[in-house]
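Chain residues, written in single-letter form:
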Amino acid sequence: QVQWVESGGGLVESGGSLRLSCTASGFTFSSRHIGWYRQAVGKERELVAVITESGRGTNYADSVKGRFTISRDNAKNTVYLQMNSLKPDDTAVYYCNHPQASASNPNDYWGQGTQVTVSS
């Protein structure tokens, strides 16, 4: 029922930037916090950024703080992740979802994600 469509990933060199987009449907977008997750090969899915319903409040994992900026446009049902000063450790598939989503919960729906690869 809930759908998430991520885009904007790609291959970038260390120090470069990317801007990811996530468009969601199947729920009242403007009334929900939205999070960006990432999952590197062989690692658990990690919540890296959260934005409140209004877009005025944000939270970041320490690993991305100061480099990533989450924002949203509720009129477009879209959340963005501006990623600057990218590092090879940022290489992962990036997903958006509710901040409380679990990769192991079959009731949580996930998009296909968008691949971010940072070369050294």
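Residues numbered from 1 in each chain as written. Predicted model: local features only at pLDDT ≥ 70, side-chain atom pairs only at ≥ 80, totals over all residues. Heavy atoms only, no water.

Peer 1: Where do I start with the overall build of the chain in this structure?
Peer 2: If you tally the helices and strands in the chain, you get 0 helices and 10 strands. Listing each helix as α and each strand as β along the chain from the N terminus yields β-β-β-β-β-β-β-β-β-β. The C-alpha radius of gyration of the chain comes to 13 Å, within 12% of the 14 Å expected for a compact globule of 120 residues. Principal-axis analysis of the C-alpha atoms places the extent of the chain at approximately 40 × 30 × 20 Å. (Helix = DSSP H or I, 4+ residues; strand = E, 2+ residues; numbered from the N terminus. Rg over C-alpha atoms; globule rule 2.2 N^0.38 Å.)

Peer 1: Is there a simple way to think about the pairing of strand E1 (residues 3–7) in this case?
Peer 2: Every second residue of E1 is oriented toward a common face, the buried set being Trp4 and Glu6 and the non-buried set Gln3, Val5 and Ser7. Of the pairings in the sheet, the one linking E1 to strand E3 (residues 18–25) comprises 5 bridges and is antiparallel in character. When the bridges of E3 are listed, Val5 appears paired with Thr23. (Buried < 20%, exposed > 50% of the residue type's maximum accessible area, 1.4 Å probe, protein only. Pairing = 2+ DSSP bridges.)

Peer 1: Would you mind going over the pattern of salt bridges with me for this structure?
Peer 2: Close approach of charged atoms lets side chains of opposite charge pair. Going through the model one piece at a time under the given rule, you end up with 4 salt bridges. In this structure, Asp90 engages Arg38 in a salt bridge whose closest nitrogen and oxygen atoms are separated by 2.8 Å. With Asp90 in the loop between strand E8 (78–83) and strand E9 (92–97) and Arg38 in strand E4 (residues 34–39), this pair connects stretches of sequence that are 52 residues apart. In this structure, Asp90 and Arg38 share a single accessibility class: buried. Asp62 is paired through a salt bridge with Lys65; the nearest N and O atoms lie 3.0 Å apart. (Salt bridge = Lys/Arg side-chain N within 4 Å of Asp/Glu carboxyl O.)

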